[in-house]
Amino acid sequence: ALLILGTRRAKTARQNCILVAWGFETQQRLMWTKIDFVVVAYILTFLGCIAFGIRQLRIFQKVDMQNSTHKDYAARIRNLPMMDGTEPVEEELKKRLEEATGQKVVGVSVCWDFQDYEDELLELIESKLVEKDEKLNPMPLTTEDQPEPESFFARMERSMLAADAERVVAKGEMSEEEKETARREAQAQAANPDEEIVEECKEVDVVGILKSLKTCPDAYAIFETEAARDAAVESAGAGGVEFNGNTLKLNASRVEPQTVNWKNCANTDIAVKAKRVVMGFFIMLAGLALWVIAFYLPYAWFTLTFNYSYGQEPGFVAGMSFSMVVVAGNALMYLVCSEVADRTRFIYVDDREVCYMLLYCFACVFNVALDLITTYMVAYRINVGLRMKTYDGTLLENLQQFSDTFESYAMQRTLANNLYAYAFPATFLIPFLIEPVATIYAPYKMMMAIVRTQPSMKGFMAERLLGSLVFDLSRYADLMLDVMIAVLIFFFPGGYNIQMFVGLAGSHVYIYFFDHYRVLRSIQSCNYADKMVDWWTQWLMCIPCGFMLACVVFKANCQPGYFCVDGNTTVAGCAVAFFAHIILHTLALKFVVPIFGLQGESDGADTNTYQDCSKRIACSWFSANPVYCLRSQYIYKHSPPCLFCIPGKEHLIEVNEDIGLYFNDCAAKEEDYDAPHVDVDAVKANLKELKGKADEKFEEIKGKASGHLEEWKGKAEELKGKATGHFESLNQQMSGHFEDLQGKMSGHFEDLQGKMSSGMSSWKNPFSSSSPSADTGAAGSGEPTGESSEAKP
């Protein structure tokens, strides 16, 4: 009965009454089963969440201990005094740290406030990398320039995607010809101010900008070994290190250099952060309002004004529209929350992902809440239209309290059906079936068409346009949202439980395989070094667990052996149980899980060196810092200078051991697009090579087999000789035993033959005598003679 409870349909009013009566009685009769099941599920889920948290922590610590990365050699410096770019801040700070800690410092990477000059500096860095890349890999010369398309969409594409200038150089590096071209472009721009003109060459006063920059409160000191870093942090201690009137605080870095948003390092003021977060919250509310007005209200108006008399329900089109409203709302929140997280300007990528994931999760929860409220109202109107009654005969429209309406079997049955329809496939599956097309295939084809039709889109610009989307961690929120919706089915009859969780499991299996492919094939290089995102995702599991505990309180009300309170008190009790579990779950993750973490130092803390790490990993604390790279070239005049590290262009970095650069690599082999899809000669050569290797292997195996065969043959001959000797010896022994046995049997036979002959003679004597007197005498005397006595048998 539990497997069909709430799923049976009725066609007539009489069948509805019968179904309500049967459903209510069955639900109440089996309520103890539902309560016990939810209690067990709650306990196992909660314990499973804690066990999972312990496992994740130990895996993170184990991987961190076994792998040497750049963060293992860096100490974060806080409370750095504000200094000008005219001073050799890196050299002075390096010298002071070596004096204070007694440890050798490889270098110092200082955070600079360059938000006002971000575009100019990053464009200059990219232009320098383009020049270096073109020198190493010159592009083929074309005989004639292709004309730019002049259609409306082509001009719009160039306006939105093209850079301000084809080439950016530092002040003083522009040639006379380029200066003349720049003057002509300036005159053309003045004559036509509304027309956008892409400059051929743009000059940037990089030295002046670098000298005008101010330092941020943070910097990173890099030491030769992890043990040296730890010793320096311990040496600084609580007292810190005095530097230019400020007390510097040192602690081990928890992030990798590529996870630092260097342009946001000036955003350390708590008031500024709070202001940005509040502004982002209002932006998110504006996005929600847009979704409600543009997508949700039309659907809600349709569903609430529909004629539900005599059990009529909206058809397939309305159901599909509802699914699309859900998908559109989640997609809109995806974009809005991403923009809010970016505008908050977090220093670390991991913190940005935590903010983005939580905002996206709670925005989607808000969407789900609105959807469920509408679902409840639609279910109520349907049942009122059918003039449904409670078990005791009260019309549904005459119930006054929300709890009484919600607990009625007619509403329970309809809400369970609607919740399942909302969850699967609208929420669990459809968005993820659309995602590969919307985020991988369609953008790639669109950018490919733009690059093909726009001759100016080449080099780094073409690579950027054809590159994959940036990987984010919104999938955590998607999965948590699915679990939250699935757990709500426990509030309703159990007929949809198996269907709900089978749909959830199947959808998540598909999501797993899709994400597996996406991570390996179609995302940009990414790095998440901190466990904060994983911790907050584990914390989100407190919500479905809290729902289960609230469900226990709701279902246990007025059941035999449990409490019994009125409807409003039950709702308040469910809320108390929900928030009590959130507190319990949070305390367990905060204080219980860390107890079971791994202890000890990293492998090779004394032997692994920064030099070895820098040779393996291109992006270091120096090459990841754009201002450090520019200061290396234009302020310190390093030769070769430190070049900015861009994924895919690591081969441009040059070795300079004096400033801590040890990475060296060659460029990846370029694909020849003019080559045939199948190189027949190469295939034949490979087959010939494979045939040669196979023949060699066959001869080797044949030789080994022949040797083993001769060895086995010799052993077989030896075994045959031994067996022949044993057989002859056994034959001789058997022959001797047979002869002895034959002699003994002959003797016994002769003895038996003699005895038998003697016996036969005795039997023949009485019958051979014919004298009557002898017989008579013997009989008359009454005493047998000796002969006659012996003759009787």
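Structural data are supplied above this passage.
First, a word on what this report is: a plain description of the structure on this page.

1. Describing the overall build of the chain
1) Next: Within the chain, the regular secondary structure consists of 25 helices and seven strands.
2) Next: Residues counted as buried form 39% of the 793 residues belonging to the chain.
3) Next: Long-range contacts, defined here as pairs at least 24 residues apart, represent 81% of the contacts in the chain between residues at least 6 apart.
4) Next: By element, 60% of the accessible surface of the chain is carried by carbon and sulfur atoms, the whole surface being about 45,500 Å².

2. Considering the pairing of strand E7 (residues 246-252)
1) Next: For strand E1 (residues 74-78) and E7, the ladder comprises four bridges, and the chain directions are antiparallel. Its bridge partner lying in E7, Arg78 is registered against Lys249.
2) Next: Where strand E6 (residues 241-243) lies against E7, three bridges are found, and the strand directions are antiparallel. For Phe243, the partnering residue across the bridge sits in E7 and is Asn246.
3) Next: Linking E6 back to E7 in an antiparallel pair, the connection comprises two residues, with Asn244 at a positive phi of about 50°.

3. So, the pairing of strand E2 (residues 105-113)
1) Next: For E2, the buried fraction is high: eight of the nine residues fall into the buried class.
2) Next: Pairing of E2 with strand E5 (residues 214-223) involves seven bridges; the strand directions are antiparallel. Across the sheet, residue Asp113 finds its bridge partner in E5, namely Lys214.

4. So, the pattern of salt bridges
1) Next: All chains considered together, the criterion is met by 30 salt bridges.
2) Next: Its salt-bridge partner being Glu118, residue Arg345 comes within 3.9 Å of it at the nearest N-O pair. Placement of the pair is Arg345 in the loop between helix H10 (316-343) and helix H11 (349-385) and Glu118 in helix H4 (residues 118-136), with a sequence separation of 227 residues.
3) Next: Classification of Glu118 as buried rests on a relative accessible area of 15%.
4) Next: Measuring nitrogen to oxygen at the nearest pair gives 3.3 Å for the salt bridge that ties Lys691 to Asp695.

Reading guide: rules and limits
- Residues numbered from 1 in each chain as written.
- Predicted model: local features only at pLDDT ≥ 70, side-chain atom pairs only at ≥ 80, totals over all residues.
- Heavy atoms only, no water.
- Helix = DSSP H or I, 4+ residues; strand = E, 2+ residues; numbered from the N terminus.
- Buried < 20%, exposed > 50% of the residue type's maximum accessible area, 1.4 Å probe, protein only.
- Contact = heavy atoms within 4.5 Å.
- Areas by Shrake-Rupley, 256 points an atom, 1.4 Å probe, with all protein chains shown as cover.
- Pairing = 2+ DSSP bridges.
- Salt bridge = Lys/Arg side-chain N within 4 Å of Asp/Glu carboxyl O.

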